[in-house]
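Structure at a glance
Letter by letter, the chains look like this.
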Amino acid sequence: MSSMATAARNFKHSRYSGIALGIPLSLYGLSTFVFSSVKATWFETDETPARYLAFMAVISGVAHLAASKFVVLRGDPSAPAAAVQVARKRAGEDDTAGSADTGFATAAAVDSETGSPITDSIEMKETRRRRMTVSSPDARGTASSDDDIGGGRTADRDAALSVPLSAASSKQESAASNPVSPGAAAATTAQTTLPRERSVIHGFARDPVAWCLLLGLICFSGPGLAFVNNCGTMVRAMSHGTSLTEEQVGRYKDRIVATQSFFSFSSRLLVGYLSDVWRTRLRLPRSGMLVLAGLLMIHAQNTAAHVARLEDLHPLAILIGISMGSVFTLAPTITSETWGADNFGVCWGFITLGPAIGGHMCNLIFGSNWDQGLMRIATRLGPETPQDMIVCNNECFVPAFLTTKKIAYIGLFFFVVVMSLPRISALWKRGS
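Just so you know, these numbers come straight off a predicted model, no measurement behind them. Counting starts from 1 at the beginning of each chain's written sequence and moves along it residue by residue. With pLDDT at 70 or above as the cut-off, local features in this predicted model cover only qualifying residues; side-chain atom pairs require 80 or more to be listed or tallied, and sums for whole chains, interfaces and linings still use all residues. Note: side-chain values were computed over all heavy atoms of the structure, leaving out hydrogens and water.

1. Focus: the overall build of the protein
- The secondary structure listing takes helices from DSSP runs of H or I that are at least 4 residues long and strands from runs of E that are at least 2 residues long, numbered from the N terminus. Helix and strand counts for the protein come out as 14 helices and 0 strands.
- Starting at the N terminus and walking to the C terminus, you meet the elements of the protein as α-α-α-α-α-α-α-α-α-α-α-α-α-α.
- Using a 1.4 Å probe on the protein chains alone, a residue whose accessible area is under 20% of its type maximum counts as buried, one over 50% counts as exposed, and one in between counts as partly exposed. The 432 residues of the protein split such that 38% are buried.
- Here, two residues are considered to be in contact whenever any of their heavy atoms come within 4.5 Å of each other. Taking the contacts inside the protein whose residues are at least 6 apart along the sequence as the reference set, 77% of them involve residues at least 24 apart.
- Reported accessibility uses the Shrake-Rupley method at a 1.4 Å probe radius. Residues are deemed covered only where the shown protein chains occlude them. A total accessible area of about 23800 Å² is found for the protein, and carbon and sulfur atoms account for 64% of it.

2. Focus: the pattern of salt bridges
- The term salt bridge refers to a side-chain nitrogen of Lys or Arg lying within 4 Å of a carboxyl oxygen of Asp or Glu. In total, this model carries 8 salt bridges according to the counting rule given.
- Arg286 is paired through a salt bridge with Asp276; the nearest N and O atoms lie 3.1 Å apart. In this pair, Arg286 is assigned in the loop between α9 (246-280) and α10 (288-304) and Asp276 in helix α9, connecting sequence segments 10 residues apart.
- For Asp276, a relative accessible area of 1% corresponds to the buried category.
- Put simply, Arg309 and Asp312 hold a salt bridge, and the shortest N to O gap is 3.6 Å.
- Classification of Arg309 as exposed rests on a relative accessible area of 51%.
- For Asp312, a relative accessible area of 19% gives the class buried.
- Through salt bridges that share partners, Asp276, Arg279, Arg286 and Glu337 make up one connected network.

3. Describing the nonpolar core
- One finds Phe227, Leu313, Leu316 and Phe397 to be the most contacted residues of the largest nonpolar core, which totals 60 residues.
- Apart from residues no more than four positions distant in its own chain, Phe397 is found in contact with Met234, Ala237, Met238, Ala304, Val307, Phe366 and Trp370.
- To form a nonpolar core, buried Ala, Val, Leu, Ile, Met, Phe, Trp, Tyr and Cys residues must be joined to one another through side-chain atoms within 4.5 Å. Counting residues in hydrophobic clusters, the runner-up holds 5 residues, among them Cys219, Ala226, Cys362 and Ile365.

4. Structural notes on the confidence of the model for the protein
- In this model, the protein carries an average pLDDT of 73, and 63% of its residues clear a pLDDT of 70 or more.
- The pLDDT value expresses, per residue, how confident the predictor is, ranging between 0 and 100. Predicted confidence in the protein is weakest over helix α5 (residues 119-135), with a mean pLDDT of 38, and strongest over α10, with 94.
- Low pLDDT, under 50, characterises residues 97-176; the stretch is placed with 93 contacts to residues that sit more than four places away or in other chains.
- Here residues 189-197 is a poorly scored stretch, pLDDT under 50, and it has 2 contacts once near neighbours within four places are set aside; other chains count.

5. Some details on the packing of aromatic side chains
- Think of it this way: a Phe, Tyr or Trp ring, Trp meaning its six-membered ring, pairs with another when their centres are within 6.5 Å, and the plane angle makes it stacked under 30 degrees, edge-to-face over 60, tilted otherwise. Applying the stated criterion across every chain yields a total of 13 aromatic pairs.
- Centroid distance Phe220 to Phe415: 5.8 Å. Interplanar angle 50 degrees. Geometry classified as tilted. Pair noted here: Phe220 is in helix α8 (residues 208-238) and Phe415 is in helix α14 (residues 398-431), with a separation of 195 residues, a long-range link. One exposure class covers both Phe220 and Phe415, and it is buried.
- Taking the centre distance of 5.6 Å and the plane angle of 85 degrees together, the rings of Phe262 and Phe263 count as edge-to-face.

6. Re the packing of α8 against α10
- For the pair α8 and α10, the least separation of the axes is 10 Å and the interaxial angle reads 30 degrees. Taken together, α8 and α10 sit at an angle that is classed as roughly parallel. Judged by the sense of rotation from one axis to the other, the crossing of α8 with α10 is left-handed. Contacts from Leu213, Phe220, Pro223 and Gly224 of α8 reach α10 at Leu290, Ala293, Gly294, Met297 and Gln301.
- Classifying every residue of the contact of α8 with α10 by side-chain character gives 6 nonpolar, 3 polar and no charged. For helices, the fitted axis covers only the stretch in contact; all axes are lines through C-alpha atoms, and the angles between them, taken along N-to-C directions, range from 0 to 180 degrees. When an angle is under 35 degrees it counts as roughly parallel; over 145 it counts as roughly antiparallel; between 65 and 115 it counts as roughly perpendicular; any other value is oblique. Handedness of a crossing follows from how the near helix is turned relative to the far one, being left-handed for an anticlockwise turn of less than a right angle and right-handed for a clockwise one. Lys, Arg, Asp and Glu make up the charged group, whereas Ala, Val, Leu, Ile, Met, Phe, Trp, Tyr, Cys and Pro make up the nonpolar group; the residues left over, Gly among them, are polar.

7. Re the state of the cysteines
- The criterion for a disulfide is a pair of cysteine sulfur atoms lying within 2.5 Å. Per the counting criterion, the structure on display carries 1 disulfide.
- Paired by a disulfide, Cys392 and Cys396 hold their sulfur atoms 2.0 Å apart. On the sign convention where negative is left-handed, the bridge of Cys392 and Cys396, at about -80 degrees about the S-S bond, is left-handed.
- Judged by relative accessible area, Cys392 falls into the buried class, the value being 5%.

8. Quick notes on helix α12 (residues 344-351)
- Residues of α12 that are buried include every one of Phe344, Cys347, Trp348 and Ile351, and no others. Buried residues in α12, looked at end-on, bunch into an arc of 90 degrees, giving them a common side. Think of it as the arc spanned by the lines of direction from the helix axis to the C-beta atoms.

As structure tokens, then:
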């Protein structure tokens, strides 16, 4: 989360925010491929996972400590150099005013070329800078009214921002005529800042697009995680009719996990770049690619419901990896562009509840169908059959994926709403 939030803030003004978030997310997906390959090579023969877990703990801790030395939060590149000069000149004016109060005579600052006082030019630059900042799309936490899913709210945000600007101008004029103590100024700043932070969270919680994105991730990631978390069980069930040994079954399971992880890594990089092209060159909403990923997940669930051989799990792992990697690159980028990079931590932390809820829900569905399938097989074989002869096959998990396919359809519906709702709202307001 910290690396994603840092990337979102550092590249919030860049045209390539999709690939900027896609790189750390792709490495997150690649970690499964790396550690599963390491386990298959060096730790597969261990009777207990203690040595492998200790290895992961040490490597993860050392890597995070080393990477923390390179985390840098860049300044805002949209702030013009004139603003820095204005701040320095105003600091000089404050020093000049302070020295005048203590009895020292100072000369008025003049322009070296025109000979006129620099006060007017400073005020003009400050007013222009403030006007540019308010009208900038990045200051409102969204890219453009036509670029992404926040397009329908541009007029509302302009209206909302115009009121605080005029209020701030009147406060500056009153402060110039009635100077206050530093303590009172700090109290006033705190009173005006805290309600703004509360309004950001309150506005995000009341945004229907946020809830649709959350529900879409619940219904999308749940079916995908049902395969990711249970692919080892599926490999073992489909290997009963083969001549594979226990060690070979374990390595086959690791290869399935590595395949899914590798294609998740690759799709995160590729979709991060394609989404930037999709948005900047084709001028299409980035959320439209969520719909394509949802269609791919439905196809993957349909493939899982028709698994008949052990070899069928490889193309299924590829489909799941591509669809999951695509959404987990698009969703954080959309979150950053819609509700602002400065609010990314809170907003994305709320939306990431979706995969946790969806994964838990679909794992329960998988486990329930597995138990029911095992009971059907035991009933068919008869009560005299030994327990070690009662083994599951695809009959135990196919009904689960028939159910999760329906859930994936619901996720696709919410992704369509995420793409369409801002434009419907904009057309409604334009017509009224």
